[in-house]
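Single-letter residue listing:
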Amino acid sequence: MPETTLEYASDEKTEEGLSIAIGIISNQVYKRANLPKLLADVAIAGFKEEALEGLIAWGTGTKPVEDLWEEFLTMTQKKSSVVGGVKLCGNKDVTG
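Residues numbered from 1 in each chain as written. Predicted model: local features only at pLDDT ≥ 70, side-chain atom pairs only at ≥ 80, totals over all residues. Heavy atoms only, no water.

**Looking at helix α2 (residues 48-60)**
For step 1, the next point in the chain: With 13 residues, α2 extends 18 Å from end C-alpha to end C-alpha; this agrees with the ideal 18 Å at 1.5 Å per step.
For step 2, the next point in the chain: When α2 is considered as a whole, its buried residues turn out to be Ala51, Gly54 and Ala57. On an axial view of α2, the arc spanned by its buried residues comes to 125°, and they lie on one face. Residues Lys48, Glu49, Gly59 and Thr60 are exposed on α2 and point more than 90 degrees away from its buried face. (Helix = DSSP H or I, 4+ residues; strand = E, 2+ residues; numbered from the N terminus. Expected span 1.5 Å × (residues − 1). Buried < 20%, exposed > 50% of the residue type's maximum accessible area, 1.4 Å probe, protein only. Arc of directions from axis to C-beta.)

In structure tokens form, the structure reads like this:
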């Protein structure tokens with residue numbers, strides 16, 4: 001797993017700096033924990049080969065999670081008729 005290093009501009013560790021660091025780390029943890037579901041959504045949306053390639057890239061560490069997340073999130077948004085394995089009816093917005 002790649003290491004995340006946070007550097008401070010001064011020796012003083014402020015509450016604001018720690019809050020920013022917690023936000024960055026929380027975002028990384030969320031993406032790592034939810035990448036399998038995103039890959040499943042990509043496969044369900046019809047991009048099975050791309051999902052397999054992403055799984056291999058993730059498993060071998062040849063592509064960062066951030067890059068995979070952005071790439072596959074874009075794929076699911078392009079084909080938004082299937083989200084989370086559920087077909088949408090009409091033109092309703094899905095958030096979450």
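**Focus on the pattern of salt bridges**
For step 1, the next point in the chain: In this structure the tally under the stated criterion is 4 salt bridges.
For step 2, the next point in the chain: For the salt bridge of Lys31 with Glu66, the shortest nitrogen-to-oxygen distance reads 2.9 Å. Taken together, the residues span a long stretch of sequence, with Lys31 in helix α1 (residues 15-44) and Glu66 in helix α3 (residues 65-78) at a distance of 35 residues.
For step 3, the next point in the chain: With a relative accessible area of 7%, Lys31 lands in the buried category.
For step 4, the next point in the chain: The salt bridge involving Lys31 is made with Glu70; its shortest N-O contact spans 3.7 Å. Of the two residues, Lys31 sits in helix α1 while Glu70 sits in helix α3, which places them 39 residues apart along the sequence.
For step 5, the next point in the chain: Overlapping salt bridges bring together Lys31, Glu66 and Glu70 as one network. (Salt bridge = Lys/Arg side-chain N within 4 Å of Asp/Glu carboxyl O.)

**Let's talk about the side chain of Thr76**
For step 1, the next point in the chain: Mapped onto the fold, Thr76 is located in helix α3.
For step 2, the next point in the chain: In this structure the side chain of Thr76 is engaged in a polar contact, spanning 2.9 Å, whose partner is the backbone oxygen of Leu73.
For step 3, the next point in the chain: If we skip the residues at most four places from it in the chain, Thr76 touches Leu38, Asp41 and Val42. (Polar contact = N/O pair within 3.5 Å; in protein donor to acceptor, adjacent residues only side chain to side chain. Contact = heavy atoms within 4.5 Å.)

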